[in-house]
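In case you want the letters, here they are:
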Amino acid sequence: MACRGAFTSDRNPQQTLFATHCWPEGEVRCPRCGQRSVYPLKDGRYRCGECVYTFHDFTGRWLNRCALSRAQWMALMRLFVEGVPVTEMAGEVQASYETTLKAVNTLRFSLLAGDPSFAPLFDEQGELRKHCRKNNAAGNDHCLGRGAPVFALRRSPGSIRFELLPDLDVREILGRPLRKRIWRTLVYTEPAEGREALFFACCGNLRKLFAKKWNQESLPLDADRTFWRFAEAWLTRYRCFTPECCPLYLKELEFRFNTPQENWLPLLLKHLCQPKPSN
């Protein structure tokens, strides 16, 4: 029995809002086999008439990464838009700090996954791949950027875009005679690869090793006060994030910079309702 449009029946407006974003074509499909032969169960879930898979609206989507209700997700998105710290969010969302932090990072994950060019950063479970490997056996306390991703910044009037450069890693950029500067956890360069600047994050050991060399002179990007005022307003709210989390914060910065604030909530909901990537 097909379940065409059934997700809008007997639901409150908030349930309908989420279901509409989860099933934008107006039909429920099985997330396992893709068939439309789906029927509703009494507990609000669905069952596929073809492969007998039981699922719900959030199955396989970013929303399912955290055990939050729809009301909690709506509150969390609103607070994220307002830039409220996670410690304060937790009380209003009525969830633990750990759960609230995971949900906020899930928002960032969904924004990152919205750019298909960042797909190589995700593993088979839809989590970010780890690239920082400490080689204690060899006596090294950091990896010198081997396998760590490099991001490029493109600017146009009123917008910015961060891109993943899949053919480069930090180790290669370290070996180039590019001028570099450190800003918090991030390192950025003079124009390269046809872009305004290259960005990457590295561990504290690497920053200490090159700190004096990388902060001797200003770079062309330093003249863009609009970019830096915005970056400092948002990124300084967060603790120094790990190198693996760098793309999450860069994409959040891009989203906030490019998107009018009145459009943030519907776009965040759209991203959260997307399926998690699988490789």
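Every value quoted in this text rests on a predicted model; they were computed, and no experiment measured them.

> Would you take a moment to explain the overall build of the protein chain for this structure?
Across its full length, the protein chain holds nine helices and eight strands. With the principal axes as the frame, the protein chain shows a C-alpha extent of 65 × 40 × 35 Å. A burial count over the protein chain gives 47% of its 279 residues as buried. Across the protein chain, the fraction of contacts at a sequence separation of at least 24, relative to all contacts at a separation of at least 6, is 59%. Of the roughly 14,200 Å² of accessible surface on the protein chain, 49% is carried by carbon and sulfur atoms. Counting 41 positive and 30 negative side-chain charges, the protein chain places the centres of these two groups 3 Å from one another.

> Looking at this structure, how should I read the sheet that holds strand E1 (residues 38-40)?
Pairing between sheet strands relies on hydrogen bonds along the backbone, with the strands arranged either parallel or antiparallel. Across the sheet, three strands lie side by side as E1-E2-E3; this open sheet has antiparallel pairing. In the strand order of this sheet, the two ends are held by E1 and strand E3 (54-55), each with one partner. Pairing of strand E2 (residues 46-48) with E3, which is carried by two bridges, proceeds in the antiparallel orientation. Paired with Tyr46 across the strands is Phe55, a residue of E3.

> When you look at the nonpolar core in this model, what are you seeing that I'm missing?
It is characteristic of soluble globular proteins that their nonpolar side chains tend to be buried jointly. Residues Trp73, Leu186, Phe199 and Phe227 are the most contacted members of the largest nonpolar core, which totals 69 residues. Leaving out residues up to four positions away in the same chain, Leu186 has contacts with Arg181, Phe199, Phe200, Ala201, Leu235, Phe241, Cys246 and Leu250. Counting 19 residues, the second largest nonpolar core, distinct from the first, contains Leu165, Leu168, Val187 and Leu198.

> Before we go on, may I ask you to explain the pairing of strand E7 (residues 186-189) in this structure?
Side-chain alternation along E7 places Leu186 and Tyr188 on one buried face and Val187 and Thr189 on a second face that is also buried. Relative to E7, strand E6 (residues 180-183) runs antiparallel, the two sharing four bridges. Across the sheet, the residue bridging to Arg181 is Tyr188, located in E7. Counting the residues in the hairpin turn of E6 and E7 gives two residues, including Arg184, whose phi is positive at 55°. Summarising the sheet, E7 and strand E8 (residues 197-201) pair through three bridges and their orientation is antiparallel.

> What is the right way to read the sheet that holds E6 from this model?
Ordered in space as E5-E4-E8-E7-E6, the five strands form an open sheet in which the pairing is antiparallel. Sheet topology places strand E5 (159-169) and E6 at the edges, where each strand pairs with a single neighbour. Across the sheet, the mean angle separating the axes of adjacent strands is 30° when strand polarity is ignored. In the packing of helix H6 (residues 204-214) onto the sheet, contacts are made with E6, E7 and E8, and the angle to E6 comes to roughly 120°. Most of the contacts of helix H7 (residues 225-235) go to E6, to which it runs at about 40°, and overall it touches strand E4 (149-156), E5, E6, E7 and E8.

Conventions we followed
Residues numbered from 1 in each chain as written. Predicted model: local features only at pLDDT ≥ 70, side-chain atom pairs only at ≥ 80, totals over all residues. Heavy atoms only, no water. Helix = DSSP H or I, 4+ residues; strand = E, 2+ residues; numbered from the N terminus. Buried < 20%, exposed > 50% of the residue type's maximum accessible area, 1.4 Å probe, protein only. Contact = heavy atoms within 4.5 Å. Areas by Shrake-Rupley, 256 points an atom, 1.4 Å probe, with all protein chains shown as cover. Lys, Arg positive; Asp, Glu negative; His and termini not counted. Charge placed at Lys NZ, Arg CZ, Asp CG, Glu CD. Pairing = 2+ DSSP bridges. Core = buried A, V, L, I, M, F, W, Y, C linked by side-chain atoms within 4.5 Å. Axes fitted to C-alpha atoms, helices over the stretch in contact; angles between N-to-C directions.

Function cannot be read off these values alone, since they describe shape.
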